[in-house]
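# Working through the structure, step by step
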2 protein chains.
Amino acid sequence: MQRYFIDSSEIVDELILPSEIYHHAIRVMRMQEGSTFELVLRNQEIAVMQISKLTKETASAKVINWLQQTVELPVPTTIACAISKSDKAEWIVQKGTELGASKFIFFNGEFSVARWDQKKVTKKIERLSKVALNAAQQAHRSKVPTIEYYQDITAIDFSNYSHKIVAYEEAAKKGEKNNLTKLMMSLQDSRLLATKSELIAIFGPEGGISTKEVNYLGKQNFIFVGLGPRIMRAETAPLYLLSILSFTLELG
Amino acid sequence: MQRYFIDSSEIVDELILPSEIYHHAIRVMRMQEGSTFELVLRNQEIAVMQISKLTKETASAKVINWLQQTVELPVPTTIACAISKSDKAEWIVQKGTELGASKFIFFNGEFSVARWDQKKVTKKIERLSKVALNAAQQAHRSKVPTIEYYQDITAIDFSNYSHKIVAYEEAAKKGEKNNLTKLMMSLQDSRLLATKSELIAIFGPEGGISTKEVNYLGKQNFIFVGLGPRIMRAETAPLYLLSILSFTLELG
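Each chain carries its own residue numbering, running from 1 in the direction its sequence is written. Chains carry letters from A onward and ligands carry numbers from 1 onward, assigned in written order. In view of the model being predicted, local features appear only for residues whose pLDDT reaches at least 70, and side-chain atom pairs are presented and counted only at 80 or more, with totals across whole chains, interfaces and linings using the full set of residues. To get the side-chain values, take all heavy atoms of the structure and skip hydrogens and water.

### Considerations on the packing of aromatic side chains
- Here is the rule: rings of Phe, Tyr and Trp (six-membered ring for Trp) pair when centre to centre is within 6.5 Å. Planes less than 30 degrees apart are stacked, more than 60 are edge-to-face, and the remainder are tilted. Summed over all chains, the structure comprises 11 aromatic pairs over all chains.
- Note on A:W91 and B:W91: the rings are 4.9 Å apart at their centroids and 45° apart in plane angle, and the pair reads as tilted. Here A:W91, found in helix 2 (residues 89–98), pairs with B:W91, found in helix 2 (residues 89–98), and the two come from separate chains.
- Here the term buried applies to any residue with accessible area under 20% of the maximum for its type, exposed to any over 50%, and partly exposed to those in between, with areas from a 1.4 Å probe on protein chains only. Given the relative accessible area of 16%, B:W91 is considered buried.
- Relative to A:F222, the ring of A:F158 has its centre 4.8 Å away and its plane inclined at 75°; by these criteria the two rings are edge-to-face. Only DSSP runs of H or I covering at least 4 residues are called helices, and only runs of E covering at least 2 are called strands; the numbering of each starts at the N terminus.

As structure tokens, this is what we get:
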């Protein structure tokens, strides 16, 4: 069933479809009176809606059911990526949203070859937020991930995270194999003990994380993890991590 | 270090660089006499080579070291995808190669909206083989995945596979959570017992696997697995599986 998000926490009686939803549901999906769709409210509740009245200009819909679903990763996960050469940000946001990320941070790594033009940052974030919204709808998420941008790694606030990791190619090269498994065990434990946990994972650009950044993150108590023996592109590594989080916490 | 593949199983004394490698190493990477690169032979042995002589037309290189590395997934894995609407084949091959797949099969699913024009199949396979080669070099693999195409699912030979799964959205919707974990445990066991195992995983197109295909695969003893609570695009699901294989078999 088609899923839409709405920036409201309650539906009183009938909902008059906001223009973006009206356009997609009626013009693109060609819904009729009686057609149904899913609507996710700001509080993440999900209603099954049925179109009750349709004119050339407006449509209204009524709640016919409330869904009980758990579709969000049990541990909110922030994916923080240095801006990479070919700027795969849209791609990371689309796929990362399908795989359950709750927030994306982009920052200028010391070794980032490309940078975001300061004037275009607002537009970039708008565009990426739209990609996240579309992917969240398609993936049947109940939360749309947020997008943030920082000038450099030291501008990011890490204080809310219980678990902090960096994907570190040098660790992988030296055969570091255990830190990711340890992280997953720790997250499973937090879950069993119902401790609130939140994860941030940092991914460098093509050139990797600089020594300065490594030292900074070490001081912030980040764990350096290897992601297996092959070398992944900057945009592939976040998907590897998110898949494993899903497997360990949702299927394990 | 830059990595190249060569279609030969030994290097006698000096290697005269084949023209494709010459072009990339000398023209693109601007290597000089004394520069080093890695060369993967057909038997998957990996030599560290150093350019010993360079002229305007040719270059030769000598072995200075042999690498001992295990970079291939312990269980050879075939990713078999129904052709999907926007034809994400290149993308699946590039990312799937980074994540360790050993073979890619594309086939016309009963619900595939797009089809490959029969006349263009040879060209498509050539193009995808090139994508696989480039990605294998970039990911530092010791094996280049192969590409195959079949008219429909019944034309695929499943006889060599010890483990056979289908990603099945209906299973996921019904909350099927255990089959992927069971598969991973079985693969880990085979590894401990040094039993030769080989996995094939089938992924449907946007419209999913048809009832006819479901029945056919059931008779071939395929296991139907759910891949978590979110709905992934056709091209994302194979990456989810490959990531989990790596985590379970290479880092676990």
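Now that the structure has been shown, the text picks up again.
### Side note on the pairing of strand 3 (residues 36–40) of chain A
Residue and element names in this part refer to chain A.
- The buried fraction of strand 3 amounts to 4 of the 5 residues, a majority that puts the element mostly inside the structure.
- Relative to strand 3, strand 1 (residues 3–5) runs parallel, the two sharing 3 bridges. Looking at strand 3, one finds that R3 is bridged to E38.
- Bridge count between strand 3 and strand 4 (residues 46–54): 5 bridges; the pairing is antiparallel. From the neighbouring strand, L39 faces strand 4, where its bridge partner is A47.
- Strands are treated as partners if at least two bridges between them are detected by DSSP. Counted along the chain from strand 3 to the antiparallel partner strand 4, the turn is 5 residues long, and its residue Q44 has a positive phi close to 75°.

### Concerning the relation of the copies chain A and chain B
- Taken as rigid bodies, chain A and chain B are interconverted by a rotation of 180° and an axial shift of 0.0 Å, the fit giving an RMSD of 0.1 Å. Such a combination of rotation and displacement between the chain copies is what one expects of a two-fold axis. Residue A:I244, judged by its C-alpha, is the member of chain A lying nearest the rotation axis, at 2.8 Å.
- Of the interface residues in chain A, 100% have counterparts in chain B that sit at the interface too, so the contact is made through matching surfaces. Here the copies were fitted onto each other by least squares, based on C-alpha atoms from residues at pLDDT of at least 70 in both. Note on contacts: a residue pair qualifies if any of its non-hydrogen atoms lie within 4.5 Å across the two residues.

### Considering the interface of chain A and chain B
- Of the residues lining the interface, 41 residues belong to chain A; the matching set on chain B comes to 41 residues.
- Around 3,400 Å² of area is buried between chain A and chain B when both sides are counted, 56% of it from carbon and sulfur atoms.
- By definition, the buried area sums, over both parts, the 1.4 Å-probe accessible area that each loses when the two are put together. Counting the surface chain A buries against chain B, the share from its top three residues, A:R230, A:F247 and A:L251, is 23%.
- Salt bridges, as used here, are contacts in which a Lys or Arg side-chain nitrogen is within 4 Å of a carboxyl oxygen on Asp or Glu. Applying the counting criterion to the chain A and chain B interface returns 6 salt bridges.
- We define a polar contact as two N or O atoms separated by no more than 3.5 Å, with the added condition that, inside protein, one atom must be a possible hydrogen donor and the other a possible acceptor, whereas residues neighbouring each other in sequence contribute only through side-chain atom pairs. Our enumeration of links across chain A and chain B arrives at 22 residue pairs in polar contact (both at pLDDT 80 or more).
- At the level of secondary structure, the elements contributing two or more residues to the side of chain A that touches chain B comprise helix 2, helix 3 (121–138), helix 5 (179–192) and helix 7 (237–251) of chain A.
- With 9 residues, helix 7 of chain A is the single largest residue contributor to the side of chain A that touches chain B.
- Residues that form the side of chain A that touches chain B fall into these classes: 17 nonpolar, 14 polar and 10 charged. As a working rule, the residues Ala, Val, Leu, Ile, Met, Phe, Trp, Tyr, Cys and Pro are called nonpolar, Asp, Glu, Lys and Arg charged, and the rest polar, with Gly in that last group.

### Details of the UniProt feature "domain: Ribosomal RNA small subunit methyltransferase E PUA-like" (unreviewed entry) in chain A
- The UniProt record annotates "domain: Ribosomal RNA small subunit methyltransferase E PUA-like" (unreviewed entry) at residues 18–63 of chain A.
- Taken end to end, residues 18–63 of chain A is 22% helix and 41% strand, and its first and last C-alpha atoms sit 15 Å apart. UniProt positions are given in the numbering used here, feature names are shortened, and annotations may be inferred rather than shown by experiment.

### Overview of helix 5 of chain A
- Take the residue count of a helix, subtract one, and multiply by 1.5 Å to get its expected span. Its 14 residues place the ends of helix 5 of chain A 20 Å apart at the C-alpha level, agreeing with the 20 Å of an ideal helix rising 1.5 Å per residue.
- Considered for burial, the residues of helix 5 of chain A that qualify are A:N179, A:L180, A:T181, A:L183, A:M184, A:L187 and A:S190.
- In this structure, the buried residues of helix 5 of chain A make contact with strand 9 (163–167), strand 10 (199–203), strand 11 (223–225) and helix 7 of chain A together with helix 7 (237–251) of chain B.
- A positive phi of about 55° marks A:A194, the residue just after helix 5 of chain A.

### What to know about the domain arrangement of chain A
All names here are of chain A.
- When cut into domains, chain A gives domain 1 (3–67) and domain 2 (77–251).
- An automatic or database domain assignment provides the domain bounds reported here. Each of domain 1 and domain 2 has a C-alpha centre, and the two are 33 Å apart.
- Opposite the 8 residues of domain 1 that make contact, domain 2 presents 9 residues.
- Of the roughly 710 Å² buried at the junction of domain 1 and domain 2 (both faces included), carbon and sulfur atoms supply 53%.
- For the domain 1 face of the interface with domain 2, the top three residues by lost area are R3, F5 and Q44, together amounting to 78%.
- Across the contact surface, domain 1 and domain 2 share 0 salt bridges.
- Our count for the contact surface shared by domain 1 and domain 2 stands at 4 residue pairs in polar contact (both at pLDDT 80 or more).
- Elements that contribute at least two residues to the side of domain 1 that touches domain 2 include exactly strand 1 and strand 3.
- Among the elements that make up the side of domain 1 that touches domain 2, the one with the highest residue count is strand 1 (3 residues).
- Its residues assigned to classes, the side of domain 1 that touches domain 2 comprises 4 nonpolar, 1 polar and 3 charged.

### Notes on the side chain of A:T78
Residues and elements named next belong to chain A.
- Its place among the elements puts T78 in strand 6 (residues 77–82).
- Taking relative accessible area as the criterion, T78 reaches 0% and is therefore assigned buried.
- Once residues within four sequence positions are removed from consideration, T78 is found in contact with S102, K103, I105, Y161, L199, I200 and A201.

### Some remarks on the pattern of salt bridges
- In this structure the tally under the stated criterion is 23 salt bridges over all chains.
- A salt bridge links A:K95 to A:E98, with the nearest nitrogen and oxygen atoms 3.2 Å apart. With A:K95 and A:E98 both in helix 2 and 3 residues apart, the pair spans about one turn of that helix. An identical accessibility class is assigned to A:K95 and A:E98; each is buried.
- Because the salt bridges share partners, they merge into one network encompassing A:K88, A:R233, A:E235, B:K95 and B:E98.

### Points about the sheet that holds strand 10 of chain A
All names here are of chain A.
- The 6 strands are arranged 8-7-6-10-9-11 in an open sheet whose pairing can be described as parallel. Whereas interior strands pair on both sides, the edge strands pair on one side only; in this sheet they are strand 8 (146–150) and strand 11. Across this sheet, the average inter-strand angle for adjacent strands is 20°, counted without regard to direction.
- Note that strand 6 and strand 7 (residues 103–107) share 5 bridges and pair parallel. Paired with A82 across the bridge in strand 7 is F107.
- Against the sheet, helix 2 contacts strand 6, strand 7 and strand 8, and its axis sits at roughly 160° relative to strand 7.
- An axis is simply a line fitted to the C-alpha atoms; with a helix, the fit covers only the stretch in contact. Between two such axes, the angle follows the N-to-C directions and lies from 0 to 180 degrees. Its contacts with the sheet put helix 5 on strand 9, strand 10 and strand 11, and the angle it makes with strand 9 is roughly 160°.

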